[in-house]
Amino acid sequence: MAQSPTTKLFIGGLAWHTSDETLREGFQQYGQIEEAVVVKDRDTNRSRGFGFVRFATQAEAEQARANMNNTESEAISKPSMLY
């Protein structure tokens, strides 16, 4: 079955200190971000090490996936992206 086009990327391997803001900053160079969310533990409010970034267009999401997959930055350590 073929995957349908999407603008939302799963971002795994986030550093524990990554916030919604730093996640957005790490990906904004690839286009307009409509949403950037780090998933947090509901008891501790600490990052669970993954999140989601939703771009305005599929082309922007594809460019981010191609350029950021398995790269490191201050907020992101070896992210893995699936969509």
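Residues numbered from 1 in each chain as written. Predicted model: local features only at pLDDT ≥ 70, side-chain atom pairs only at ≥ 80, totals over all residues. Heavy atoms only, no water.

### Quick look at the nonpolar core
Ranked by size, the top nonpolar core spans 14 residues in total, and within it Ile11, Leu23, Phe27, Val53 and Phe55 carry the most contacts. Of all the elements in the fold, those that place two or more residues in this core are strand E1 (8-14), helix H1 (20-27), strand E2 (33-40), strand E3 (47-55) and helix H2 (58-68). (Core = buried A, V, L, I, M, F, W, Y, C linked by side-chain atoms within 4.5 Å. Buried < 20%, exposed > 50% of the residue type's maximum accessible area, 1.4 Å probe, protein only. Helix = DSSP H or I, 4+ residues; strand = E, 2+ residues; numbered from the N terminus.)

### Observations regarding the environment of Glu60
As for its position among the elements, Glu60 is in helix H2. As for Glu60 and Phe27, which are separated by 33 residues in sequence, their C-alpha atoms are 9.9 Å apart. Those residues in contact with Glu60 that lie beyond four places of it in its chain are Tyr30, Gly31, Gln32 and Phe55. A polar contact of 3.4 Å, which involves the side chain of Glu60, links it to the backbone nitrogen of Ala56. (Contact = heavy atoms within 4.5 Å. Polar contact = N/O pair within 3.5 Å; in protein donor to acceptor, adjacent residues only side chain to side chain.)

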